[in-house]
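Report on the structure
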Amino acid sequence: MLDFFTIFSKGGLVLWCFQGGPAATAPVNALIRSVLLQERGGNNSFTHEALTLKYKLDNQFELVFVVGFQKILTLTYVDKLIDDVHKEFRDKYRNEFQQKGTLGLLNGTFDFKDDFMRLLRDAEESSKVRAPTVMKTFEQSLKSQKTVKCMIETRGEKPKEKVKNKKNKGSKKEGTEAVAAPGKASAGDKQPSGDREELTKDEILQKNREEFFRRHMKAGEKSSKSPKPEAQKEKGKKPRVWDLENSNAKVLDYSNSATNGSAEACPVEEFDPNAALGDRNREPGRLYDLEYESDEEAEEEKVVQNPSKPSVKKGGLGGMFGMLKGLVGSKSLTREDMDPVLEKMKDHLIAKNVAAEIAVQLCESVAKKLEGKVMGTFTTVTSTVKQALQEALVQILQPQRRVDVLRDVMDAQRHRRPYVVTFCGVNGVGKSTNLAKISFWLIENGFSVLIAACDTFRAGAVEQLRTHTRRLNALHPPESHGGRTMVQLYEKGYGKDAAGIAMEAISYARNQGFDVVLVDTAGRMQDNAPLMTALAKLIAVNTPDLVLFVGEALVGNEAVDQLVKFNKALADHSMAQTPRLIDGIVLTKFDTIDDKVGAAISMTYITSKPIVFVGTGQTYCDLRSLNAKAVVAALMKA
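Residues take numbers from 1 onward in each chain, read along the sequence in its written order. Per-residue local features of the predicted model are confined to residues with pLDDT of at least 70, and side-chain atom pairs are confined, for both listing and counting, to 80 or more; whole-chain, interface and lining totals are unaffected and use all residues. Side-chain metrics rest on all non-hydrogen atoms present in the structure, leaving aside hydrogens and water.

Right, let's talk about the packing of helix α13 (residues 335-351) against helix α15 (residues 381-396) for a bit. Axes here refer to lines fitted to C-alpha atoms; in helices the fit is confined to the stretch in contact. Angles between the N-to-C directions go from 0 to 180 degrees. The helix and strand labels rest on DSSP assignments: H or I over at least four residues marks a helix, E over at least two residues marks a strand, and numbering proceeds from the N terminus. Interaxial distance between α13 and α15 falls to 10 Å at its minimum, and their mutual angle equals 50°. If you check the angle between α13 and α15, you find them oblique. Considering only the axes of α13 and α15, their crossing is right-handed. Where α13 approaches α15, its residues Asp337, Met338, Val341, Leu342, Met345 and Leu349 are matched on the opposing element by Val381, Thr382, Val385, Lys386 and Leu389. Throughout, the ten residues Ala, Val, Leu, Ile, Met, Phe, Trp, Tyr, Cys and Pro are labelled nonpolar, Asp, Glu, Lys and Arg are labelled charged, and all others, Gly among them, are labelled polar. Residues of the contact of α13 with α15, tallied by class, amount to 8 nonpolar, 1 polar and 2 charged. Note on angle classes: values under 35 degrees are labelled roughly parallel, values over 145 roughly antiparallel, values of 65 to 115 roughly perpendicular, and the remainder oblique. Rotating anticlockwise by less than a right angle from the far helix to the near helix defines a left-handed crossing, while the corresponding clockwise rotation defines a right-handed one. Contact criterion: two residues are considered in contact whenever any of their non-hydrogen atoms come within 4.5 Å of each other.

Below, the structure written as structure tokens:
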């Protein structure tokens, strides 16, 4: 039933292995690469092709226990087996690990086959021991306790429960009448019974009506006495009044004079190059890292600012106990020790805009990494957990694949073809703006850019790219590059097929010798099936070198939903056997979030893809590369 069970050290030494099927090398290597090295241990199971792998970490002796079986099987005893094997193996070779350490792992012989087969038989038997649930007999059911008489209903007779309910309703009505008319009983007592009593009811009703009308009349008088408010202003814009007598069409033309389509016919707008570029002292073509002040630097500044502030002295014993509080003296960490600290860390991460689901998984991963680990004498649980969480976050922000755009563009140049980048994302995140920033960065590195206007849906999308193209050409005129136009817009207007325009743009770039093609697509929500199908078609037909998802740094839980559904839609609507998914992330509006940088963690964790660019402002120079340590420092700042 099991394909394999292996025990190895975190250093990579295989101590013992049970082989029940094909070689287990590839699945275990995939587990190490994708889970253990990427700090994604929040879930103790991992799927690789047709296999399901379950693992358990022993942090005291730095061991990993892994079991693999076919994912179509439902083996209920696997969790019990891995726990039993972990306990048995530890107890059997504890002395060897403690006395010899690493040499014990290198030179030790671990004869564990008989013990493993015994534990496997016990686990399988325990899963079979559970007897199937037996159905109740009729005598044991509640129906057997009812008599035949209580189940017979005669025609015209109402069920007892409904009658009871009606009685209750009637009693409630009587109670309300008694409360509403307290004077009724006294009036009835004074008058003799018979017709006189009925007359009294009418009188009471008439009196109640008169009192009701009197109250409302008073309220109307009060409202009439109050001063009348001024006439409310009409909401909305006032309609333009056209002068029909004026026959001059030029006077009636309120639109800007611009010719649609050609950039040459459009008037050259006046703009300040300093405002468009921002920092003039920067090094051209260089992509700077994100900068952020760490906690240590902030604490040093506070100390320098307040050097004369006297320290509060505590009592001798009180100060000693306060210093030693929370210290762990050479003991192994338990889950109970870490739970309060992890709960605070989880709340802190959620407050910093990390998606709630990912914050829970991160804390669970840190707990599994530290559980059973022996701490130093003067080490607090809080500092240990915080350090482990920082290391995990840095590891998450440095995923397996690193995207180096400049290197890939030069590689495409050697093959004499354009390097194609497609931008996708939801509405209003800044795809076109950041596409212009990336165009400027590529131009400054000496590459010519063709912008493909494939957003044929949003009004003004083509005009926006046309304006960016005109400004970029003004900043980098052909005269400065030997008469070569460094950026050009390829557009076919609105309402056309985006995939066809992208294909024509790539063909045009190949013929004209452009180095990079940047494809701008329409913003679309992740739930819009027709638009997601069109995006999948565009990517499948044109096979771009890089697919970048543009997302806001402002989102929290929404980041996970967007990326998961974008990837799922691209996989579902793609016609290829191996569908093309998102390759990297562009994180925009990073300058608007202060230290709430959790979206970077959420996006990288859910996709295992790197954040290639970070948008930090409105100018063309406000583009940065991700600095993992700066983001983690901002995230961990109290």
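After that view, the rundown keeps rolling.
One open sheet holds the 8 strands; their spatial order is β10-β9-β11-β8-β12-β13-β14-β15, and the pairing between them is mixed. Only two strands of the sheet have a single neighbouring strand rather than two, namely β10 (487-490) and β15 (623-624). Two strands qualify as a pair provided DSSP detects at least 2 bridges between them. Pairing analysis gives 5 bridges linking strand β8 (residues 419-424) to strand β11 (residues 516-521), with the strands arranged parallel. Of the residues in β11, the one forming a bridge with Val420 is Val517. Contacts from helix α19 (residues 498-512) reach β8, β9 (449-454), β10 and β11 within the one sheet, and its direction differs from that of β9 by about 165°.

In this model, helix α18 (residues 461-475) (15 residues) spans 21 Å end to end at C-alpha, consistent with the 21 Å of a helix rising 1.5 Å per residue. A 1.4 Å probe rolled over the protein chains alone gives each residue an accessible area, and that area as a share of the maximum for its type sets the label: buried under 20%, exposed over 50%, partly exposed in between. Within α18, the full set of buried residues consists of Ala461, Val462, Leu465, Arg466, His468, Thr469, Leu472 and Leu475. Given a helix with a known number of residues, its expected span is that number minus one, times 1.5 Å.

Our focus in this paragraph is the environment of Asp408. Within the secondary structure layout, Asp408 lies in helix α16 (residues 405-414). With a relative accessible area of 18%, Asp408 lands in the buried category.

Attention shifts here to the side chain of Asp622. Along the chain, Asp622 turns up in the loop between β14 (611-615) and β15. When charges are counted, neither His nor the chain ends are considered; positive counts come from Lys and Arg and negative counts from Asp and Glu. Should a side-chain nitrogen of Lys or Arg be within 4 Å of a carboxyl oxygen of Asp or Glu, the pair is scored as a salt bridge. For the buried Asp622, which has no salt bridge, the nearest side chain bearing the opposite charge is Arg624, at an N-O separation of 4.7 Å. Counting of polar contacts relies on pairs of N or O atoms within 3.5 Å, with two restrictions inside protein: one atom must be capable of donating a hydrogen and the other of accepting it, and residues adjacent in sequence are counted only when both atoms are side-chain atoms. From its side chain, Asp622 meets the backbone nitrogen of Gln618 in a polar contact 3.1 Å long. Within the structure, the side chain of Asp622 is placed 2.8 Å from the side chain of Thr619, a separation counted as a polar contact.

So, about the confidence of the model for the chain. As a per-residue quantity, pLDDT reports the predictor's confidence and falls between 0 and 100. Put simply, the chain has an average pLDDT of 77, and 72% of its residues get 70 or more. Note that pLDDT drops below 50 for residues 161-167; the model gives that stretch 2 contacts with residues more than four away or on any other chain. A low-confidence stretch, residues 169-198 stays under pLDDT 50, and its non-local contacts, those more than four residues away or across chains, total 6 contacts.

With that out of the way, let us pick up the packing of aromatic side chains. Any pair of aromatic rings gets described here by the distance separating the centres and the angle formed by the planes. Between the rings of Phe, Tyr and Trp (Trp by its six-membered ring), a pair exists once the centres lie within 6.5 Å; its type follows the angle of the planes, with under 30 degrees stacked, over 60 edge-to-face, and the other angles tilted. Going through the model one piece at a time under the given rule, you end up with 12 aromatic pairs. Both rings, one in Phe18 and one in Phe116, keep their centres 5.0 Å apart while their planes meet at 40°; by these two values the pair is tilted. Residue Phe18 is located in strand β2 (residues 14-19), and its partner Phe116 is located in helix α4 (residues 113-129); the two are separated by 98 residues in the primary sequence. The buried category is assigned to Phe18, whose relative accessible area is 17%. Where Phe89 meets Tyr93, the ring centres are 5.0 Å apart and the plane angle is 50°; that geometry is what we call tilted. One end of the pair is Phe89 and the other is Tyr93, both in helix α2 (residues 78-100) and 4 residues apart, which spans about a single turn. Note on Phe89: relative accessible area 0%, which makes it buried. Ring pairs connect the aromatic residues Phe5, Trp16, Phe18, Phe65, Phe89, Tyr93, Phe112 and Phe116, which therefore count as one cluster.

This part takes up unusual backbone geometry. For Arg416, which is not glycine, the phi dihedral falls at a positive 55°. Here Arg416 shows up in the loop between α16 and β8. The phi dihedral of Lys589 is positive, around 55°, even though this residue is not glycine. One can find Lys589 in the loop between β13 (584-588) and α22 (598-607).

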